[in-house]
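Tertiary structure, described
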Amino acid sequence: MADRHDRPVEELLPLQLDAANERLETHAARIPLLRNRLASSGLTRITRPADLVPLLFAHNTYKSYGESWLAGGQWDRMARWLATVSTYAGGGSFAGVDGLDAWIARLEAEGRFVACSSGTTGKPAMLGATEADLAFSSRAGVSAFAWATGIAPAGDRKFFGLGPRMNVTRNERIRQAMIDAYGSATEEPYQLPVPPITVGSTMAMILLRRRIAEGSARAAEIAEFERLSGERQAGLDAAQADAVETLIKSREHKLLLTGFFPSLYPLALAVREQGFAGRAFHPDNAVLTGGGLKGVTLPPDYREVILETFNVSERRVFHLYSMQELNTPFPRCGAGRYHVAPWVIALPLDEPGERLLDATGGEIQARAAFLDLSLDGRWGGIISGDRIAIDFRPCACGHQGPTIGPEIVRFSDLASGDKISCAGTIDAYVRGTV
């Protein structure tokens, strides 16, 4: 496809619906929850996008395991739960598994990959994935970067990972694919020197914070929490100093800087304090980032400060919107909108997630839902927790296809909260099968 993001919606839709029916047939035979949703819907074939709505999974479906199963180390039960929402079987031996990270490693040793969120609420989402999914998401990341920035993968840049690494196989594969495509063979990739973050360690820390807030934590636990927090902050301060020094030493090279804006901003300030910015750096540098500010408050000009410091033009910024539940990043164009890939069906819903809204006449506010047709390890139909502004008309950048505006809000941050009507039904079914 010469330009994936320049195909009219009406041209793509018949192809997408054909592919959705093909995926539904193969996945319903392998995913018990999808088979249940299909039977409940009474559908025999998808003929229009609205037919997909009752088949979508609420995003908290992938957190529908019992928290006591996880806390109690009931790994066989966790595996059975995962099999209800994935395409692979739930059996296997988990003897000797002593924690969440070890359970994930045991599954992956058997080819059952688990794409996890970081569990910032204390309960990580766990999504089944296959080797095919890992390979696809790696290719999609590289090709989306090339589309958004116009930079061909020429292997001529020094790669900088300027945030902590999330020790999840999917994330690591995507990172390595970017290094393989864009990293110079003569320049060692740089990674912020802090220990990788694991899903298990993140969950343990958040659960401890919860107990401290509830007043149920023991004095020894609080002391250990304070010790670890101080140790990690000291390590982060030292790592940032090392990153600043390495950035300045590498300023004559083409750089590919990766990290969230809250991580990049203090580095930019520190580099400026050393007297380096703008033309001191190579004129063809690039930035890969995603998400929002992660709850961090930065000055209004934080973006300009970062780009001016490292001599990065707006054309060389790859800002993506995606989520763990999808296999596909949506790149941001020069007009500031995120472009939905043609193998993903965008499904703007009302707030409860019950009804498909019409976005063909102009931009509307909607709950984001999608069917990612690339997914192999799980059903790609998801109702997210995001409120988006979506438009199916051609974008101001000149490309066609659905686009999403830059203002993305989590329903959980709104006064009305995040209430998806199908979530309870899905949860009851899953709990009843494991």
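Presented here is an overview of the structure given in this document. Note that the structure is predicted; figures quoted are calculated from it, not measured. (Residues numbered from 1 in each chain as written. Predicted model: local features only at pLDDT ≥ 70, side-chain atom pairs only at ≥ 80, totals over all residues. Heavy atoms only, no water.)

Describing the overall build of the protein
What counts, and what does not: Strands are runs of DSSP state E lasting at least two residues, helices are runs of H or I lasting at least four, and both sets are numbered from the N terminus onward. We compute the radius of gyration over the C-alpha atoms and compare it with the globule rule, which gives 2.2 Å times the number of residues raised to the power 0.38. Remark: exposure states derive from per-residue accessible area (1.4 Å probe, protein chains only) relative to the maximum for the residue type, with buried under 20%, exposed over 50%, and partly exposed in between. We call two residues contacting when some pair of their heavy atoms lies within 4.5 Å. Under the convention used here, a 1.4 Å probe and the Shrake-Rupley method define accessible areas, while residue burial counts only the protein chains that appear. As used throughout, the charge tally considers Lys and Arg to be positive and Asp and Glu to be negative, leaving His and the chain termini uncounted. To locate a charge, take atom NZ for lysine, CZ for arginine, CG for aspartate or CD for glutamate.
Each helix and strand in the protein was counted, giving 12 helices and 15 strands. Its C-alpha atoms give the protein a radius of gyration of 22 Å, within 12% of the compact-globule value 22 Å for 434 residues. Seen through its principal axes, the protein has C-alpha atoms that stretch 65 × 60 × 45 Å. Counting every position in the protein, which comprises 434 residues, the buried fraction comes to 51%. The long-range share in the protein, meaning contacts at least 24 apart out of those at least 6 apart in sequence, stands at 73%. Accessible surface for the protein amounts to roughly 18900 Å². Of this, 52% is attributable to carbon and sulfur atoms. Side chains of the protein carry 46 positive and 50 negative charges; the gap between the two charge centres is 2 Å.

Observations concerning the environment of Thr403
To keep it simple, the criterion reads: A 3.5 Å cut-off defines polar contacts: any pair of N or O atoms within that distance qualifies, except that in protein one atom must be a possible hydrogen donor and the other a possible acceptor, and neighbouring residues in sequence count only when both atoms are side-chain atoms.
Considering the arrangement of structural elements, one finds Thr403 in strand β14 (residues 403-404). The exposure class assigned to Thr403 is buried, which follows from its relative accessible area of 1%. Spatially, the C-alpha atom of Thr403 lies 9.5 Å from that of Cys333, the residues being 70 residues apart in sequence. Those residues in contact with Thr403, other than ones at most four positions away along the chain, are Arg337, Tyr338, His339, Ala389, Ile390, Asp391 and Cys395. Separated by 2.8 Å, the side chains of Thr403 and Arg337 make a polar contact.

Some words on the sheet that holds strand β9 (residues 330-331)
So the rule is basically this: What makes two strands pair is DSSP finding at least two bridges between them. To get an axis, a line is fitted to the C-alpha atoms, and for a helix only the part in contact is used. The angle between two axes follows their N-to-C directions and goes from 0 to 180 degrees.
Pairing within the open sheet is mixed, and its six strands lie in the order β5-β4-β6-β7-β8-β9. With one partner strand each, in any of the chains shown, β5 (190-191) and β9 form the two edges of the open sheet. On top of the sheet, helix α6 (residues 131-149) reaches β6 (255-258), β7 (286-290), β8 (317-321) and β9; it is set at about 125 degrees to β8, its chief contact.

With respect to the pairing of strand β2 (residues 113-116)
Of the two faces of β2, the one carrying Phe113 and Ala115 and the one carrying Val114 and Cys116 are both buried. Here β2 pairs with strand β3 (residues 126-129) via four bridges, running antiparallel. Counted as the bridge partner of Ala115 is Leu127 from β3.

Section: the packing of aromatic side chains
We count it as follows: Between rings of Phe, Tyr and Trp, where Trp is taken as its six-membered ring, a pair exists when centres lie within 6.5 Å; planes separated by under 30 degrees are stacked, by over 60 edge-to-face, and by other angles tilted. In this scheme, the term charge over a ring applies when either NZ of a lysine or CZ of an arginine sits within 6 Å of the ring centre and within 35 degrees of the ring normal.
Applying the stated criterion to the full structure yields 12 aromatic pairs. Centre to centre, the rings of Phe57 and Tyr62 are 6.4 Å apart; their planes meet at 45 degrees, and the pair counts as tilted. Under the relative-accessibility criterion, Phe57 is labelled buried at 0%. Considering the side-chain rings of Phe136 and Trp343, the 5.6 Å spacing of their centres and the 90 degrees angle between planes classify their relative orientation as edge-to-face. Placement of the pair is Phe136 in helix α6 and Trp343 in the loop between β10 (338-339) and β11 (344-346), with a sequence separation of 207 residues. Cluster of aromatic residues (ring-pair linked, three or more members): Tyr321, Phe330, Tyr338 and Phe370. The lysine or arginine in question, Arg367, covers the ring of Phe411, its NZ or CZ lying 4.1 Å from the ring centre.

Digging into helix α9 (residues 219-249)
Short version of the rule: Between the first and last residue of a helix there are one fewer steps than residues, each counted as 1.5 Å, and that sum is the expected span.
End to end, α9 covers 45 Å across 31 residues, agreeing with the expected 45 Å (1.5 Å per residue, within 8%). Where α9 is concerned, the buried positions are Glu221, Phe225, Ala239, Ala243, Val244, Thr246, Leu247 and Ile248. Buried positions along α9 lie against β4 (158-161), β5, α8 (199-214), β6 and α10 (261-273).

Quick look at the pattern of salt bridges
Using the following cut-off: Think of a salt bridge as a Lys or Arg side-chain nitrogen and an Asp or Glu carboxyl oxygen that are within 4 Å of each other.
All told, the structure shown has 22 salt bridges when counted by the stated rule. The closest approach of N and O atoms between Asp51 and Arg48, which form a salt bridge, is 3.2 Å. Assessed through its relative accessible area of 8%, Asp51 is described here as buried. Between Arg112 and Glu110 there is a salt bridge, with its nearest N and O atoms 2.3 Å apart.

Focus: unusual backbone geometry
You will see that Asn311, though not glycine, has its phi angle at about 60 degrees, which is positive. Along the chain, the position of Asn311 falls in the loop between α11 (302-309) and β8. Overall, Asn311 belongs to the partly exposed group, its relative accessible area being 23%.

Concerning the environment of Asp237
With respect to the helices, strands and loops of the structure, Asp237 is situated in helix α9. For Asp237 and Val194, which are 43 residues apart along the polypeptide, the C-alpha to C-alpha distance reads 9.9 Å.

Description of the nonpolar core
The criterion, for reference: Put simply, buried Ala, Val, Leu, Ile, Met, Phe, Trp, Tyr and Cys residues joined by side-chain atoms within 4.5 Å make one nonpolar core.
Counting residues in each nonpolar core, the largest one holds 73 residues, and the members touching the most others are Trp81, Trp103, Met126 and Phe370. In terms of residue count, the dominant contributor to this core is helix α4 (residues 75-84) (five residues). Leu192, Val287, Leu298 and Leu307 belong to the second-largest nonpolar core, a separate cluster that totals 28 residues.

Describing the environment of Arg232
Note on placement: Arg232 falls in helix α9. For Arg232, a relative accessible area of 46% gives the class partly exposed. A C-alpha to C-alpha distance of 8.5 Å links Arg232 and Val194, two positions 38 residues apart in sequence.

Some remarks on the packing of α9 against α10
To keep things clear, this is the line we draw: Throughout this description, any angle smaller than 35 degrees is read as roughly parallel, any larger than 145 degrees as roughly antiparallel, any in the 65 to 115 degree range as roughly perpendicular, and the remainder as oblique. For any helix crossing, the convention is left-handed if the near helix is rotated counterclockwise from the far helix by under a right angle, and right-handed if that rotation is clockwise. By the convention adopted, Pro, Cys, Tyr, Trp, Phe, Met, Ile, Leu, Val and Ala count as nonpolar, Lys, Arg, Asp and Glu as charged, and the other residues, Gly among them, as polar.
Where α9 meets α10, the closest approach of the two axes is 10 Å, and the angle between their N-to-C directions is 60 degrees. Viewed along their axes, α9 and α10 adopt a mutual orientation that is oblique. Two packed elements cross with a definite hand, and for α9 against α10 that hand is right-handed. On α10, the residues that touch Gln240, Ala243, Val244, Leu247 and Ile248 of α9 are Pro266, Leu267, Ala270 and Val271. Among the residues forming the contact of α9 with α10, the class breakdown is eight nonpolar, one polar and no charged.

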